[in-house]
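Chain and residue survey
Each chain is listed here by its residues.
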Amino acid sequence: QVQLVESGGGLVQAGGSLRLSCAASGRTFSTRTMGWFRQAPGKEREFVAGILSRSTYYADSVKGRFTISRDNAKNTVYLQMNSLKPEDTAVYYCAARDLQTILVDPSRYDYWGQGTQVTVSS
């Protein structure tokens, strides 16, 4: 079983930065596929970024602005968000899956955190 706890959300002005953290419990963290998703009010949950070992993958909407990384010694995955826009406002979720493939479909992920709110003001 894996438990995920996100932190680092908040209110920021457009153009600003935030770093989200996701602390994971359980074994085999270093071999797991980790992902960040977000869900805005009235919209479906969407893929933001994923990481497996040193491989990363980003949604087009965040490419060049967001960076996903992991620290296996701390069982933590991060999402550095720069040049934030009002349309980035959402609840951000950390997710993990048992299989070693980065996928954009949220239904393919096995474990989820509780989410952290990110609000970008214009």
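Residue positions are counted from 1 within each chain, in the order its sequence is given. Selection of residues for local features in this predicted model requires a pLDDT of at least 70, selection of side-chain atom pairs for listing and counting requires 80 or more, and totals for whole chains, interfaces and linings are taken over all residues. Only hydrogens and water are removed before side-chain values are computed, so all heavy atoms of the structure are retained for them.

Things to note about the state of the cysteines
Here, two cysteine sulfur atoms that lie within 2.5 Å of each other are counted as a disulfide. A complete count under the given rule lists 1 disulfide for this structure. Two residues, Cys22 and Cys94, share a disulfide whose sulfurs are 2.1 Å apart. Judged by the sign of its S-S torsion, about -75°, the cystine formed by Cys22 and Cys94 is left-handed. On the criterion of sequence distance, the pair formed by Cys22 in strand S3 (residues 18-24) and Cys94 in strand S9 (residues 90-97) is long-range, its members being 72 residues apart. Think of it in three bands: residues with accessible area under 20% of the maximum for their type are buried, residues over 50% are exposed, and the middle band is partly exposed, with areas taken using a 1.4 Å probe on protein chains only. Relative accessible area serves as the criterion here: at 0%, Cys94 is assigned to the buried category. In this text, helices come from DSSP runs of H or I with a minimum length of four residues, and strands from runs of E with a minimum of two, each type numbered from the N-terminal end.

Overview of the side chain of Thr33
The topology assignment puts Thr33 in strand S4 (residues 33-39). At 2.9 Å, the side chain of Thr33 forms a polar contact with the backbone oxygen of Leu99. Reaching out from Thr33, the side chain makes a polar contact with the backbone nitrogen of Thr101 at a distance of 3.1 Å. Contacts between residues were defined by any pair of non-hydrogen atoms, one from each residue, lying within 4.5 Å. Each residue touching Thr33, except ones within four places of it in the same chain, is listed here: Ile51, Leu52, Ala95, Ala96, Arg97, Leu99, Gln100, Thr101, Ile102 and Tyr109. We call two N or O atoms a polar contact when they sit within 3.5 Å, provided that within protein one can donate a hydrogen and the other can accept it, with sequence-adjacent residues counted only if both atoms are side-chain atoms.

As for the packing of aromatic side chains
Pairing of aromatic rings covers Phe, Tyr and the six-membered ring of Trp, with a centre-to-centre limit of 6.5 Å; geometry is then stacked below 30 degrees between planes, edge-to-face above 60, and tilted otherwise. Scanning all chains against the criterion turns up 6 aromatic pairs. For the pair Phe37 and Tyr109, a centre-to-centre distance of 5.0 Å together with 75° between the ring planes defines the contact as edge-to-face. Residue Phe37 is found in strand S4, and its partner Tyr109 is found in the loop between S9 and strand S10 (111-112); the two are separated by 72 residues along the sequence. There is no split in this pair, since Phe37 and Tyr109 are both buried. With a centroid separation of 6.3 Å and 80° between ring planes, the pair formed by Tyr93 and Trp112 is classed as edge-to-face. Residue Tyr93 is found in strand S9, and its partner Trp112 is found in strand S10; the two are separated by 19 residues along the sequence. A residue is classified by how much of its surface remains accessible, and Tyr93, at 13% relative accessible area, is buried. On the basis of relative accessibility, which here comes to 28%, the residue Trp112 falls in the partly exposed class.

Some remarks on unusual backbone geometry
One non-glycine residue, Asn75, adopts positive backbone phi at about 50°. By secondary structure assignment, the location of Asn75 is in the loop between strand S7 (66-71) and strand S8 (76-81). Despite not being glycine, Ser83 shows a phi value in the positive range, around 50°. When you line up the elements, Ser83 lands in the loop between S8 and S9. Classification of Ser83 by relative accessible area gives partly exposed; the value is 41%.

Re the pattern of salt bridges
Counted as salt bridges are all cases of a side-chain nitrogen of Lys or Arg within 4 Å of a carboxyl oxygen of Asp or Glu. Summed over the entire model, instances satisfying the criterion amount to 5 salt bridges. We note a salt bridge from Asp60 to Lys63, for which the minimum N-O separation is 3.1 Å. Lys63 sits in the partly exposed class, given a relative accessible area of 48%. Put simply, Arg38, Glu46, Arg65 and Asp88 are held in one network by salt bridges that share partners.

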